[in-house]
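Residues per chain, in single letters:
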Amino acid sequence: MGQPVASRGRAATPTVGKAMLNKYARAFFTRVLTPFAAFLIRRGVSPDTVTLIGTAGVVAGALVFYPMGEFFWGTVVITLFVFSDLVDGNMARQLGRSSRWGAFLDSTLDRVADGAIFGGFALWYAAGGDDTVLCAVSIFCLASGQVVSYTKARGESIGLPVAVNGLVERAERLVISLVAAGLAGLHAFGVPGIQYLLPVALWIVAVGSLVTLVQRVVTVRREAAEADAAAGDPPARSATAGDATAGDATAPDTGAAGPRTGDDDTAGGAVADRGHRRGSGAAT
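Criteria and cut-off values
- Residues numbered from 1 in each chain as written.
- Predicted model: local features only at pLDDT ≥ 70, side-chain atom pairs only at ≥ 80, totals over all residues.
- Heavy atoms only, no water.
- Core = buried A, V, L, I, M, F, W, Y, C linked by side-chain atoms within 4.5 Å.
- Buried < 20%, exposed > 50% of the residue type's maximum accessible area, 1.4 Å probe, protein only.
- Helix = DSSP H or I, 4+ residues; strand = E, 2+ residues; numbered from the N terminus.
- Contact = heavy atoms within 4.5 Å.
- Axes fitted to C-alpha atoms, helices over the stretch in contact; angles between N-to-C directions.
- Parallel < 35°, antiparallel > 145°, perpendicular 65-115°, else oblique.
- Nonpolar A, V, L, I, M, F, W, Y, C, P; charged D, E, K, R; others polar.

> I tried to follow the nonpolar core on my own but got confused; where do I start?
Looking at soluble globular proteins, one finds that nonpolar side chains tend to be buried together. Tyr 66, Ile 117, Phe 121, Leu 198 and Leu 202 are the most contacted members of the largest nonpolar core, which has 27 residues in total. Those elements giving two or more residues to this core turn out to be helix 2 (47–65), helix 3 (71–82), helix 5 (100–126), helix 6 (132–157), helix 7 (170–184) and helix 8 (197–231). If sequence neighbours within four positions are ignored, Phe 121 has contacts with Tyr 66, Phe 71, Ser 138, Ser 177, Ala 181, Leu 198 and Leu 202. In terms of nonpolar packing, the next biggest core, distinct from the first, is built from seven residues, Leu 40, Leu 86, Val 87 and Met 91 among them.

Next comes the structure, spelled out in structure tokens:
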């Protein structure tokens, strides 16, 4: 694995909106969740346990309620358990822990949770929703979200910074889809026309994810060319017969240089505390 070449690439600059959201949301959630995190620590609960329970709750909410068309209650359950993503990082900060295992576990289970959410949408449209097109769009959102995260992890594993702020990263995917699903669920309570918000949101996430994927691929290609030129080496591929296999073996979602940032942050950019959970570095 090559040495990181972050200094050779252009650093990704967060937008003003994202920076402000991260600043104020981080302070708010830290104040709210710190007492609860401290309570769990006193009871001997580990950050890993919170991560596992939170993921199980998200998966249950998505795969039990969404396929039945219960979008409001499904979103309520998912939202409650999504906050475990903030609690485990807060606990790790209070305990002064920074582990590679915690970073790996968080990143891996994030993929499971995301897959369950969009899988739940796909199951609804494949059955009760009776819309093959939206079923396909939901599956595309699921797959593209996984690939978007993988492109950054794989780029970082070969020593590239992948310095780009994508149009629709994980935070945006979750906020857009969950807010739309929750509001669409109000149709069951008699709110007319609001059920169309979810299809619109899925199309937005699908298109935005495709744009983000292209942005990351283009960025990696540019950074790789710059790194090769600076090193005086010709472009080289993995020595194995299949690059995809090599990538799966060497590039967990956290990246080689350390834990993730940006795309894999929880919705709203409020999870700087997870940096303690994920280690001191930055990644997808």
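Past the structure itself, the notes keep going.
> Is there a simple way to explain the environment of Val 164 in this structure?
Summarising the element assignment, Val 164 is placed in the loop between helix 6 and helix 7. Separated by 51 residues in sequence, Val 164 and Gln 215 have C-alpha atoms that sit 7.3 Å apart.

> Would you take a moment to explain the environment of Val 207 for this structure?
Tracing the backbone shows Val 207 in helix 8. Taking C-alpha positions, Val 207 is 8.8 Å from Val 168, a pair spaced 39 residues apart along the chain.

> Mind showing me how you'd approach the packing of helix 3 against helix 4 (residues 84–95) here?
The interhelical angle for the contact between helix 3 and helix 4, taken along N-to-C directions, is 10 degrees, at an axis separation of 5 Å. With respect to their mutual orientation, helix 3 and helix 4 come out roughly parallel. Together, Leu 80, Phe 81 and Val 82 of helix 3 and Ser 84, Asp 85 and Leu 86 of helix 4 make up the contact between the two elements. Looking at the contact of helix 3 with helix 4 residue by residue, the class counts come to four nonpolar, one polar and one charged.

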